[in-house]
2 protein chains.
Amino acid sequence: MIELSKFPFKTEKVAPKISDNKSTSLLLQAGLIRQTMAWVYNYTTLWLRVLKKIENIVREELNNYNCYEILMSWISPQDVWEKTNRWEIEEYFKLPTYWWKFYRLNPTHEEIVVPLLKQFVKSYKDLPTCVYQIQTKYRNEKRAKSWLLRWREFIMKDAYSFHITEDDFQNFYNWMIKTYKKIFDRLWIWKDTYVTLADWWSFTDKFSHEFQTILDVWEDLIYIDEKEWISYNQEIAPSMVWTENISEKELKKREDVKLPKNIVWVDNISKYLWIPKEKTTKTLFFIADEKRFVVASVRWDYDINEMKLKKVVNAKMLRLANESEIKDKIWTDIWFAWIINLPDNVELYLDDSLKWLTNFETWTNKNWYHSLNINFWIDLKNPEKFYDFKNAKIWDKNPKTWNKYIVKKASEVWNIFPLENKYSKPFDLKILNKDWKEVDVIMWCYWIGVSRLMWVVAEYFMKDNWIAWPENLAPADYYIIVLQNNLEKAKNIAKNLEKSWKEVILDDRKWKKFWFGVKIKDAELLWIPNIIIVSDNTLQKWWYELRKLWEDEWKIVKL
Amino acid sequence: MIELSKFPFKTEKVAPKISDNKSTSLLLQAGLIRQTMAWVYNYTTLWLRVLKKIENIVREELNNYNCYEILMSWISPQDVWEKTNRWEIEEYFKLPTYWWKFYRLNPTHEEIVVPLLKQFVKSYKDLPTCVYQIQTKYRNEKRAKSWLLRWREFIMKDAYSFHITEDDFQNFYNWMIKTYKKIFDRLWIWKDTYVTLADWWSFTDKFSHEFQTILDVWEDLIYIDEKEWISYNQEIAPSMVWTENISEKELKKREDVKLPKNIVWVDNISKYLWIPKEKTTKTLFFIADEKRFVVASVRWDYDINEMKLKKVVNAKMLRLANESEIKDKIWTDIWFAWIINLPDNVELYLDDSLKWLTNFETWTNKNWYHSLNINFWIDLKNPEKFYDFKNAKIWDKNPKTWNKYIVKKASEVWNIFPLENKYSKPFDLKILNKDWKEVDVIMWCYWIGVSRLMWVVAEYFMKDNWIAWPENLAPADYYIIVLQNNLEKAKNIAKNLEKSWKEVILDDRKWKKFWFGVKIKDAELLWIPNIIIVSDNTLQKWWYELRKLWEDEWKIVKL
């Protein structure tokens, strides 16, 4: 039992003004957190309890699903990171030691878990298996993005599963999704949590999955198609234009015009030529896999999404071409390079936002020349197919279902990455399959940001004057308000509650200085779900008052 | 319940040969740990459980004593460490970030906890208070000392208490000692754990306390005087010589002899002059507080303990004098500077190992001259007092009680440091006392190396073929051996045990390949205190066999 008269971490009348974010201010006011420096917090006793409760929910559900908790080392040697070509990643901390060596302060544990499991897992009979840990991780983050969500230190649950076939993984994964659903259900956030497709790993063409919880303090935008089971991260959402193109039925004849110098930007061009901006395109030039020259074009009001484009052109690497590469290839300066008059050895990709466009304009691929009244099928080579490689806009439709998206601000709470054999290969984690052949083990990993989840829960349950914790996450079960000189009796009630494993905060602060109003305000600020009032008045009649915050009703309970 | 058929972390028939230390080998054999690199280990599921059990014992006892668990940040900014002049300490890691800044990867948390508590603690009414955390800490250790005990990463319980007066602390501390006794009692190591005096902090003349557990894999030697309640770390043990000096009753007359060149070292001198080594002394020259010149001498077979000497001469700083400082002061080369013919402005301190020495020899403080038959009271200035500043030897006596010490190898499991106002001052943590005056807060800190304690417990309970865990620390409560086809019945027994909060390992590995002998051997290797055997034989009669490892007896238990 915490006796408030001795408890050091006091509430404040008003929140210390160090954060713009309201839920953070409420946590500060309740004395639950304090800063060490910007974005780095200390957790006081009651906030640590919330953390432990969340950790335990994660732990229980994973253990139920035969995932095994372990604890891997926080530091590791350079050589394992060199094996996977990840030693030089800037966002991973190197730890300088006395002598010539650096250690890695682990930001993730693939390089540790694979050599570990390799010592135990020998044949297909040992798989599938899954190990996880809940541990502090470190990132050398350039930006502490938004409010709270990206930090240089954070507590992470990272799980790693090992499989011999894709089928084995799929079977495992379907249950894993259910396990995670249970976790988010127990945190009371499932109803606003969406399974979201996202691309992350560049070495596979599989989508990774995220769980995103709808939150106004957003980090991501998610595109929900209510008819589909799954939603999309903005980064990869398939999109179909919603707004109509200005198409004219009568196709005009192409006309090339020489523009005076300094008429280069789209605004100037559209003014000078008296054409609407809607009739212009946005075109970029890429080098794919260091050998293919790719021209990609979208409608003027969209942007090209390189992640989507990479899939469309089926390249492992994609980068913007530089000025001299463009000049070498297209024989014109970068300003005038566009989509017509292209040489044969370039590949042209058109986004479907251009599909119904008629009589539109482009530069002619000839210095200072511009072409008007361009039309597909007539003026362009290879217009057989249109693709989707634009950044989705919130008013777009899902091309698969033709439904308009519902777009929400959300915060990522769970992530799954297909690691395939990226890590099992360099560490030579092979296994005998049923046919006695050695095969690479397939790996997946699953992340929950446990400390992030705490803040997500706080933000999600934030009200005007407090954070209304789910009952199972609150910093305590009971808050006993002692009025007048009833300390001993209140302590007895507390002790009885503790016998049935309830956590109790006993507000034994001096009556008169801390009158009823102060005490009930603190009980609400901390949002302890059950508030008991022990006073002369009630005790005379052998009962006490009980208020359940989530029901907001008062009960009389007999002693 | 852990079903061994699915559990990845298998035991081995023989221990992997990566450690000379036997308990480490047993842990490796049992599949409880694996290395990431030298001295850095991963904890698998069952070893993590032992860790958590130890953590919880520490936590429960401290919570009972109104210490409040918190969780402070792992990284901190440079400026707080500059305030206390600790930024440049080599053993503390600096973490290089993208931009010009370094962070500290916290090795200890004084610089964090003081600014934290300062935001909450305002008047004497708020004290005493004590906060603690259980957290991974990092040290840039030059040497990974012995076997396991000093690591670059380790899990630490660090507690910090805050007081307004020394009395308040003493009162608090007496209870704290009892709390720690309870902790070590629950770990079954109290009977071999000694409260040991040790000096650590240089800014105070108080002894710090350690708890030392007797262990053969030693880090420290402790000097136990069984008549005293407390023992001493070798570093500071008071000592009185046990062996007699060679004293002759007849005091001879001093004689100065010129030695030929190259007769400098004690071995040569004693041979050349035909005097026993026992009649020579060891003398060193120090500068105290950068102004006093101190000469200190002990019997030839002892060493000077600078920590003890510093107290004797009552200096804040003590360092060896260099050659030119000695020449300036004593007018002779360093080789010939000794204890007689000293100028008036030096201070001579004699260790009590010299007390009964007669007719002994020293250099004359004149180049190449040696003096024979030196005697106190006759040839030396200021021989009024003898002090104790030698390193104790194991055959020495305690000068306070004249008892011979019992000297044991031991490993430190708990530490207390008087921080006084060293940290409250730079962070201006002041408090109003009862007279409404602002005073510095007095701080103490208390460390338990939680991960170290795990290894200490393992080493302490190590037997020939297993580590015989205390019942409350074992990786599980029950190990159920399933023979023949009795899996369902065994699972029912397991489920019933789990209902009463028992942890169960179910050895459901395929009968025949894993026959009884293999299973019972693993149960013993893991030292699960209760082993249940479920077989056709027993089930027919509606019972199962139970073996209690600590009692080594077999029982028949009815279903």
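Shown above is the structure to which this text applies.
All residue numbers refer to positions counted from 1 along the written sequence of the respective chain. Ligands are numbered from 1 and chains lettered from A, in the order in which they are written. Only residues with pLDDT of at least 70 are given local features in this predicted model, and only at 80 or more are side-chain atom pairs given and counted; all residues enter the totals for whole chains, interfaces and linings.

Undergrad: Could you give an account of the sheet that holds strand S14 (residues 255-258) of chain A, with specific residues and numbers?
TA: Residues and elements named next belong to chain A. Any two strands with at least two DSSP-identified bridges between them are counted as paired. The helix and strand labels rest on DSSP assignments: H or I over at least four residues marks a helix, E over at least two residues marks a strand, and numbering proceeds from the N terminus. Pairing in this open sheet of 3 strands is antiparallel, and the strands run S14-S20-S19 from one edge to the other. In the strand order of this sheet, the two ends are held by S14 and strand S19 (360-363), each with one partner. Averaged over all pairs of adjacent strands, the angle between their axes in this sheet comes to 25 degrees, without regard to strand direction. Looking at chain direction, S14 and strand S20 (residues 369-374) are connected through 4 bridges and run antiparallel. Residue Lys258 lies in a different strand from S20, and its bridge partner there is Tyr369. To define axes, lines are fitted to C-alpha atoms, for helices over the stretch in contact only, and angles between the resulting N-to-C directions are given on a 0 to 180 degree scale.

Undergrad: An account of unusual backbone geometry is requested, with residue identities and associated values reported.
TA: Both trends apply: most residues other than glycine have a negative phi, and most peptide bonds are in trans. All names here are of chain A. In this model, Leu127 is joined to Pro128 through a cis peptide bond whose omega is -5 degrees. Along the chain, Pro128 turns up in the loop between helix H4 (110-118) and strand S8 (129-138). Backbone geometry at Asn341 places phi at a positive 60 degrees, although glycine is not the residue there. Following the sequence through the fold, Asn341 ends up in the loop between helix H8 (323-330) and strand S18 (347-351). A tally of 20 C-beta atoms within 10 Å means that Asn341 is categorised as buried. Even without being glycine, Trp436 reaches a positive phi, approximately 60 degrees. Any residue with 12 or fewer other C-beta atoms within 10 Å of its own C-beta is exposed, any with 20 or more is buried, and the rest are partly exposed; the C-beta atoms used are placed from the backbone. Trp436 gets classed as exposed once you count the C-beta atoms within 10 Å, which come to 8.

Undergrad: Report on the relation of the copies chain A and chain B, specifying residues and quantitative values.
TA: Alignment of copies: least-squares fit on C-alpha atoms of residues with pLDDT of at least 70 in both copies. In the superposition of chain A on chain B (RMSD 0.2 Å, axial shift 0.0 Å), the rotation amounts to 180 degrees. The symmetry that links the two subunits is that of a two-fold axis. Among all residues of chain A, the minimum C-alpha distance to the rotation axis is found for Leu95(A), at 3.0 Å.

Undergrad: I'd love a proper account of the interface of chain A and chain B, names of residues and values included.
TA: Contact between two residues is assigned when their C-beta atoms, built from the backbone, lie within 7 Å. Residue-level contacts link 47 residues of chain A with 47 residues of chain B. When residues of the side of chain A that touches chain B are traced back to their parent elements, those giving at least two are strand S2 (33-37), strand S3 (40-43), helix H2 (45-64), strand S4 (68-69), strand S5 (75-77), strand S6 (94-96), H4 and S8 of chain A. Ranked by the residues each element gives to the side of chain A that touches chain B, the list is headed by S3(A), at 4 residues. Throughout, the ten residues Ala, Val, Leu, Ile, Met, Phe, Trp, Tyr, Cys and Pro are labelled nonpolar, Asp, Glu, Lys and Arg are labelled charged, and all others, Gly among them, are labelled polar. When grouped by side-chain class, the residues that make up the side of chain A that touches chain B number 25 nonpolar, 13 polar and 9 charged.

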